[in-house]
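This is what each chain is made of:
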Amino acid sequence: MFSTASLFSGVFSALGTSVAVYIILLIAKEIRYRVAAQNAGCSTPVRYWHKDPIFGIDLFMRRVKDMKAGDSMATDREILDMYGKTVLTNNFGTKQYVTMDSANMQTILATEVDRLGNAPLNYKMCKPFLGKSIITFDGPQWKHSRQLLNPVFARAQVAELSSFEVHLGKMISRIPRDGSTVDMQPLCKMLFLDSSTEFIFGKSANSLDTETNSTMARRLPVVFDEALQTMFMRYMLGNLKFLAGGGQKGKWKKKCAKVQSIIDGFVNEEYERQVVASKTKKEDDSGTPYKYVLLKELVKSTDDRILVRNELMNVFFPARDTAGILTSNIIFLLARYPEVWKKIRSEVQNFGDQKLTFESLKTLKYIHSVMNETLRLQTPVGGSWKTCISQCILPHGGGSSGQEPILLQPGDEVRMSFTPMHTDPEIWGKDATEFKPERWVGLKQSWNFIPFMGGRRICPAQQNVYTDVAYILVRLAREFKAIENRDEQLEYIDNIVFVRESKNGVKVAFIPV
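What you see is a predicted model, and the numbers here were worked out from it, not measured in a lab.

**Section: the overall build of the protein**
- Counting its secondary structure elements, the protein contains 21 helices and twelve strands.
- For the protein, the C-alpha radius of gyration of 25 Å lies close to 24 Å, the compact-globule estimate for 513 residues.
- C-alpha extents for the protein along the principal axes are approximately 85 × 60 × 45 Å.
- Across the 513 residues in the protein, those meeting the buried criterion constitute 53%.

**Regarding the environment of Pro221**
- Relative to the helices and strands, Pro221 is located in helix H11 (residues 220-237).
- As a C-alpha pair, Pro221 and Val259 span 38 residues in sequence and 9.0 Å in three-dimensional space.
- In contact with Pro221, not counting residues within four places along its chain, are Leu193, Met216 and Arg320.

**So, a nonpolar patch on the surface**
- On the surface, a cluster of nonpolar side chains totalling about 770 Å² of accessible area is made up of Tyr22, Ile23, Leu26, Ile27, Ile31, Val35, Phe55, Ile57 and Met61.
- Those elements that place two or more of their residues in the nonpolar patch are helix H1 (4-39) and helix H2 (57-68).
- According to the relative accessible area criterion, Ile23 is partly exposed, its value standing at 38%.

**Focus on the nonpolar core**
- Of all hydrophobic cores here, the largest spans 61 residues; its most connected members are Phe129, Met231 and Leu312.
- Setting aside anything within four residues of it in sequence, one finds Phe129 in contact with Phe224, Ala227, Leu228, Met231, Trp252, Cys256, Val259, Gln260 and Met313.
- Judged by nonpolar contacts, the second largest core, of 58 residues, contains Leu334, Phe449, Phe452 and Ala477.

**Considering the environment of Thr107**
- If you trace the backbone, Thr107 turns up in helix H4 (residues 102-111).
- Through-space distance from the C-alpha of Thr107 to that of Glu426 is 20 Å; in sequence the pair is 319 residues apart.
- For Thr107, the contacting residues outside a window of four places in its chain are Glu112, Val113, Ile393, Leu394 and Pro395.
- Reaching out from Thr107, the side chain makes a polar contact with the backbone oxygen of Ala103 at a distance of 2.9 Å.

**Examining the environment of Glu491**
- Looking at the element boundaries, Glu491 is found in the loop between strand E9 (480-485) and strand E10 (494-496).
- Placed 309 residues apart in sequence, Glu491 and Val182 show a C-alpha to C-alpha distance of 18 Å.

**Brief notes about the packing of helix H18 (residues 365-378) against helix H21 (residues 462-479)**
- Taken N-terminus to C-terminus, the directions of H18 and H21 make an angle of 115 degrees; their axes are 10 Å apart at the nearest point. As H18 packs across H21, the resulting crossing turns out to be right-handed. Residue-level contacts link Ile367, His368, Met371, Asn372 and Leu375 of H18 to Tyr466, Val469, Ala470, Leu473 and Val474 of H21.
- A breakdown of the residues in the contact of H18 with H21 according to their chemical character gives eight nonpolar, two polar and no charged.

**Section: the side chain of Gln378**
- Within the fold, Gln378 resides in helix H18.
- A polar atom in the side chain of Gln378 sits 3.4 Å from the side chain of Arg500.
- The contact partners of Gln378, leaving out residues within four places of it in the chain, are Asn329, Tyr492 and Arg500.

**What to know about the packing of helix H16 (residues 338-351) against H18**
- Between H16 and H18, the shortest axis-to-axis distance is 8 Å and the interhelical angle comes to 145 degrees. Side by side, H16 and H18 meet where Val340, Lys343, Ile344, Glu347 and Val348 of the first sit next to Lys365, Tyr366, Ile367 and Val370 of the second.
- Class assignment for the residues of the contact of H16 with H18 results in six nonpolar, no polar and three charged.

Parameters and conventions
- Residues numbered from 1 in each chain as written.
- Predicted model: local features only at pLDDT ≥ 70, side-chain atom pairs only at ≥ 80, totals over all residues.
- Heavy atoms only, no water.
- Helix = DSSP H or I, 4+ residues; strand = E, 2+ residues; numbered from the N terminus.
- Rg over C-alpha atoms; globule rule 2.2 N^0.38 Å.
- Buried < 20%, exposed > 50% of the residue type's maximum accessible area, 1.4 Å probe, protein only.
- Contact = heavy atoms within 4.5 Å.
- Patch = residues over 30% accessible without salt bridge, like charges linked within 9 Å, V, L, I, M, F, W, Y side chains within 5 Å.
- Areas by Shrake-Rupley, 256 points an atom, 1.4 Å probe, with all protein chains shown as cover.
- Salt bridge = Lys/Arg side-chain N within 4 Å of Asp/Glu carboxyl O.
- Core = buried A, V, L, I, M, F, W, Y, C linked by side-chain atoms within 4.5 Å.
- Polar contact = N/O pair within 3.5 Å; in protein donor to acceptor, adjacent residues only side chain to side chain.
- Axes fitted to C-alpha atoms, helices over the stretch in contact; angles between N-to-C directions.
- Left-handed = near helix turned anticlockwise from the far one by under 90°.
- Nonpolar A, V, L, I, M, F, W, Y, C, P; charged D, E, K, R; others polar.

Written as structure tokens, this is what we have:
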């Protein structure tokens, strides 16, 4: 019989051998990489110094700490300030390059776009929730999904503002006229939930109606957020994603199933409606002014109900919150910068009683500057990930200066960090962290500012967002002469569901004209 001492000795010996073999394999892999990099004319990348060089758990814990403190971008901002604009980190055993370099981002999103994909990371993190669609696909499958979705964001759709005015009127009616405090963040999110569900599903959630009890208004946003929170943690954990949600993958799948069941109900209802319509020759009487309703067009194009659900989920996911959070972030800043609100009102007064259209809203240069400045400082989306799928070279990130090219190999990840780039003093000046919409006067679009991404995967809803948010600001400026801050916390404290929003909401008071 073996003694306990000999048993433990054997276990520790085996563990020691495994660790030694693992280290040898890492060294061999590093040597092969350096040879390949040298042959490609690249330099050794600047590396983050990990306390845990095996899995990089120290950096993960640092990110978690900053998120809990309400500054989710602090980690990237600090390490890039220390190491340079591109640094190699260890993300649970996977090489992950963190970059705020605009030339690198242009390479990733445009010039070498076919060598870096969304699918390797997004598919394994999102599949149980979002399925196979535009967010989780690359190549021909992504192109097919994009072609299905493009008509939703066509100019004719963007220019249709009559329905948006109805929803906005409901939101404005819920703003107190007596100077009492209101939290605008949930109201702005409800506004865009109502408007987005109308062009996605053909009927609005009507969450701004005080007496609504619809599933789309009350249940869908709650269960959607619950599923998103676990999905975000899966991204954070990387190769250890099975630990997300307390390691209860089945529990998360049940949350995903709740959302999918609600969406499936809308899909099945539309299939049945179209069958009846084809037999009775009855015209669509949904009442929506949109010529292209995504659900209706998808049902016409395929009998695959899972495909339809996936496409709807992949559009609803970014559409329901991003523009609402941007709008509430603008109000957050305007309440703290009253002189900017005065300039907006001055521009709107000069605009007069013109009809608010897609074309006329584009002429409001100062309002567009305010939107851009808010996106620069407090964007709902602080970054994005890509995975190298075939060997490629980034122009910067190597050598002692960090300005020499580096080699990426298949499986390497890139974390594009937008917020540090958008507040880089070398690009924006010494006042880079200050809210100054005037900086945008005469400034041309470049890769230094990409809140909607860039290249062929640029967000197709960009013009929708600019148009709708400008419309809101004009309507508010016509009705309210001042916005007052009612939050003791002056600084922006963020909270992550999947996008960044104000943890404390946006507590303000509006003073009527």
